[in-house]
Structures are given as C-alpha cells and as structure tokens.
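A look at the structure
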Amino acid sequence: MKQRRKLLALAAVSAASVALTLGLPATAQAQNYKSEYRMSLVVGTAFPWGKGGEIWANKVKEKTQGRINIKLYPGVSLIQGDQTREFSALRQGVIDMAIGSTINWSPQVKQLNLFSLPFLMPDYAAIDALTQGDVGKEVFKILDKAGVVPLAWGENGYRELTNSKHVVKTPADLKGLKIRVVGSPLFLDTFTALGANPTQMSWADAQPAFASGAVDGQENPMSIFTAAKLQNVGQKYVTMWHYVADPLVFVVNKEVWNSWTPEDREHVRQAALEAGREEIVIARKGLAEPGQPLLKEIAAMGVTITELSPAEREAFVKVTKPIYDKWKPLVGTNLVKMAEKAIAARKP
Ligand code: X2X
C-alpha cells in the first residue's frame, strides 16, 4: 500500500516536471477544462434562439480547436423547465453558459424589466439603439455585478398577442381573456391594466394549456409561434401590436470563465458576438423586410392577423401608461431615461 502511494506520488511529480520542462502551460490549463460545458436555452434549434446556441457552440469548438466543447440543453432542462430560475442556476454553476431572455432573468435582475416596459421600443431601430449603445453597455455592467459574464446580444423578438377566441383590436377586446405570461410581476400588471386575466406559467406548461383550452391566449414572437406551431393549439387570432421585445444575452458562469486561458476567453467572446449578429438576422427574417412574408405564411395556415393603425395602437399605449410609470423607478429611473433618450435619437 505504502509502496503504491509512493509510486503514485512519484508519477505525479514526474508528470508535472515533464510539463514544466517542456513549457506546457496549455496542458496544465487543459486539466482544469471540463470535457463538456452545459449551455441552457429555453427552445431548441428549430427556433432562431436555439439556432443561435448551435452557431455559438460550433464557433467556439472551431476557434478553440475542440478545447471547449459545448452541449445544448434546450427546454431549460438543467432546471426542469423552470425558466425564471435560469439566472440563479447560472450564478450557482448548475449551468455553465446560456443564451437567456431578459424576461426570464428579470425576477433576479430587476433592471432587465426595462425591455418589458409596455410600448418602450416602437421599432427594430429602437431595440438596436438600446442593445448596441450605451444602455447595452450599462446593462452588461449590471449583469457582471450580478455575477455572470455577459458577452453579446441576440434577440427573441417582438412579442405579439395571440388568442383562441376572437380578433383583438382594442383593449376592450381583451376583457376577461385568460392570457399566459412569464417573467416578473410587470407582465401581470400590464395585462391586468388591459382588462385581461393574466396567469403566469412556464413555456413548458403553457403549450399543453393552450391545447386543452385552459388558457385563451399568450404573447410571443412570431418566430416562436411558427416553430411551436401555435396555430395547431387553437391560437387562431394574432394582433401585431409590438408591445415589448425581448433581447437575448449570451453569458458564461464566472468560475467557468476564469478557468479558461485568456486566449480561449477571447475566442468564446468573439464566437458569441458573431453568433449574436447572425441570430438577430435569423430572428428578424420574414418580419423586418417589406411585405413581411412570414405573416403571409402564417395567414395561409388559417390564422387571422390583425395589424393596428397608429391610432388603434395608441389606445393600448394609453391604458398601459400607468404601468410604465409605476415600473420606471422599479427598473431604475436613470436607466429608463437613458433608454428613452437613446430611442428618441435613433437613426432609422
Ligand atoms: O416563455 C416564453 O414565452 C419565451 C419562450 O418567449 C421565453 O422564454 C421568454
């Protein structure tokens, strides 16, 4: 026994000295690397969001020559589908990295409610003015302080209203509709102000609830609508109101980040920036270009799509204004003011 321990110790010493004499810091470092890193996502690769995860993982593998190997966990499966716990799990290291929605992390990082203030961002240029400008940098500082390493922005998209009952053109049309929401209490406030009956549930629970008719409606980007085939679970009426859009954030757990060499950190960051840019293009496909071909495809499946005139949209803005005002100090008055200014100064 003693003999064996001695031998083992000797072997360890000689391995270390070989590494030292050969000057192999990479080998020593690689010993701290996990064989696989776990990336959390709410949805899989059929969705622009999940596709972004796949692109990021592939780019990281290529740039680090396989030193960093990432496996995708869609359906937030590392935390049993409980998407509003994702940020805590990331901080604790249950999750190594993620592309997360600002909505799902807003219960822990209250400033992320910024993007869910009703009718803050009227168009894509407004989203870009925030994420690609000083507001984006400020939010990254906040995320860094909250305990993760933010690297790049992506996008889930404009969240449009859908339901199984009837056309919604005015706030009065929402009266009594049971609407599934996720995230912070801001969503409950907004839909309560609109006269609806909001109920909070995870995305995993929401889909069977649409199918059974337990809830009447929901709000999600049209790319989620099509990939999840919500028309097949009764969601036949869509209102294009662009009331909020959720950006996605590419992040890594701090300890994991610190375990990588500076070169590999830079590779992971560059991969995230490239993947983020590509993912945003995919997320906007069919929606940002003239004629919005994605909407034509959805209408062809028997879905009624309602576009609002500026005056009709304004009625929704007016009803939710008290909620915007209530939440402004909760998000952080300075941050909201900074966002309002950036949007007012945006270039089309
Ligand atoms: O749960 C949702 O609605 C989803 C998929 O859009 C998010 O994760 C925010």
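Residues numbered from 1 in each chain as written. Predicted model: local features only at pLDDT ≥ 70, side-chain atom pairs only at ≥ 80, totals over all residues. Heavy atoms only, no water.

1. Quick notes on the overall build of the protein chain
Stated formally: Runs of H or I in DSSP of at least four residues are treated as helices and runs of E of at least two as strands, each being numbered from the N terminus. Only protein chains enter the area calculation, which uses a 1.4 Å probe; residues under 20% of their type maximum are buried, those over 50% are exposed, and those in between are partly exposed. Contacts are assigned to residue pairs that have any heavy atoms within 4.5 Å of one another. Residue burial considers only the protein chains on display, and all accessible areas are found by Shrake-Rupley using a 1.4 Å probe. For the purpose of charge, His is not counted, nor are the chain termini; Lys and Arg are scored as positive and Asp and Glu as negative. Lys charges are placed at NZ, Arg charges at CZ, Asp charges at CG and Glu charges at CD.
Of the regular secondary structure elements, the protein chain holds 15 helices and 9 strands. Across its three principal axes, the protein chain shows a C-alpha extent of roughly 85 × 45 × 35 Å. Residues counted as buried form 51% of the 348 residues belonging to the protein chain. Contacts in the protein chain between residues far apart in sequence, at least 24 positions, make up 73% of those at least 6 positions apart. Within the structure as shown, the protein chain displays about 15,700 Å² of accessible surface, and the carbon and sulfur contribution to it stands at 56%. Treating the 42 positive side-chain charges of the protein chain as one cloud and the 33 negative ones as another, the clouds have centres 6 Å apart.

2. Here we look at the pattern of salt bridges
Condition: When a carboxyl oxygen of Asp or Glu is within 4 Å of a side-chain nitrogen of Lys or Arg, the pair counts as a salt bridge.
According to the stated counting rule, one finds 21 salt bridges in the structure shown. Of the charged contacts in the structure, one is a salt bridge between Lys 59 and Glu 274, with a shortest N-O distance of 3.2 Å. With Lys 59 in helix H3 (residues 48-63) and Glu 274 in helix H12 (residues 262-284), this residue pair connects regions lying 215 residues apart in the sequence. Judged by its relative accessible area of 23%, Glu 274 falls in the partly exposed class. Across the pair Glu 278 and Lys 59 runs a salt bridge whose closest N-O atoms are separated by 3.1 Å. Taken together, the residues Glu 278 in helix H12 and Lys 59 in helix H3 connect sequence positions 219 residues apart. On the accessibility criterion, Glu 278 (34% relative accessible area) is partly exposed. Three or more residues are tied together by salt bridges with common partners; here these are Lys 59, Lys 63, Glu 274 and Glu 278.

3. Some points on the site of the ligand
This is how the line gets drawn: Whether a residue is near a molecule or strand depends on its heavy atoms: if one lies within 4 Å, it is near. Polar contact is the term for a pair of N or O atoms within 3.5 Å; when the atoms are in protein, one must be able to donate a hydrogen and the other to accept it, and sequence-neighboring residues count only if both atoms are side-chain atoms. Residue classes follow a fixed rule: Ala, Val, Leu, Ile, Met, Phe, Trp, Tyr, Cys and Pro count as nonpolar, while Asp, Glu, Lys and Arg count as charged, and any other residue, Gly among them, counts as polar.
What surrounds the ligand is the set Val 42, Trp 49, Gln 83, Ser 101, Asn 104, Asn 156, Arg 159, Arg 180, Val 182, Trp 203, Asn 220 and Asp 246. Note that an oxygen atom of the ligand is positioned 3.2 Å from one of the side-chain N or O atoms of Asn 156. Contact between the ligand and Arg 159: an oxygen atom at 2.8 Å from a side-chain N or O atom of the residue. Across the complex, the protein chains shield 100% of the 270 Å² of accessible surface that the ligand would expose by itself. Considered class by class, the residues forming the shell around the ligand number 4 nonpolar, 5 polar and 3 charged.

4. A look at the confidence of the model for the protein chain
The following threshold applies: A score from 0 to 100, pLDDT tells how confident the predictor is in each residue.
For the protein chain, per-residue confidence averages 93 on the pLDDT scale, and residues scoring 70 or more make up 91% of the total. Contacts of residues 6-24 to residues separated by more than four positions or lying in other chains number 1 contact, the stretch itself having pLDDT below 50.

5. Remarks on the packing of H3 against H12
We apply this condition: Working convention: axes come from line fits to C-alpha atoms, limited for helices to the stretch in contact. Angles between N-to-C directions cover 0 to 180 degrees. Reported orientations rely on four angle classes, namely roughly parallel under 35 degrees, roughly antiparallel over 145, roughly perpendicular from 65 to 115, and oblique for the rest. Each crossing gets its hand from how the near helix is turned against the far one by less than a right angle, where anticlockwise is left-handed and clockwise is right-handed.
Closest axis-to-axis distance for the H3/H12 pair is 8 Å, and the angle between their directions is 150°. With respect to each other, H3 and H12 are oriented roughly antiparallel. The handedness of the crossing between H3 and H12 comes out as right-handed. Residues Pro 48, Trp 49, Lys 51, Gly 52, Ile 55, Trp 56, Lys 59, Val 60 and Lys 63 of H3 lie in contact with H12, whose contacting residues are His 267, Val 268, Gln 270, Ala 271, Ala 272, Glu 274, Ala 275, Glu 278, Glu 279, Ile 282 and Ala 283. For the contact of H3 with H12, the residue count by class is 11 nonpolar, 3 polar and 6 charged.

6. Overview of the environment of Val 149
Mapped onto the secondary structure, Val 149 falls in strand E4 (residues 148-163). By relative accessible area, which is 8% here, Val 149 ends up buried. Not counting residues within four places of it along the chain, the set of residues in contact with Val 149 comprises Phe 250, Val 251, Val 252, Lys 254 and Trp 257.

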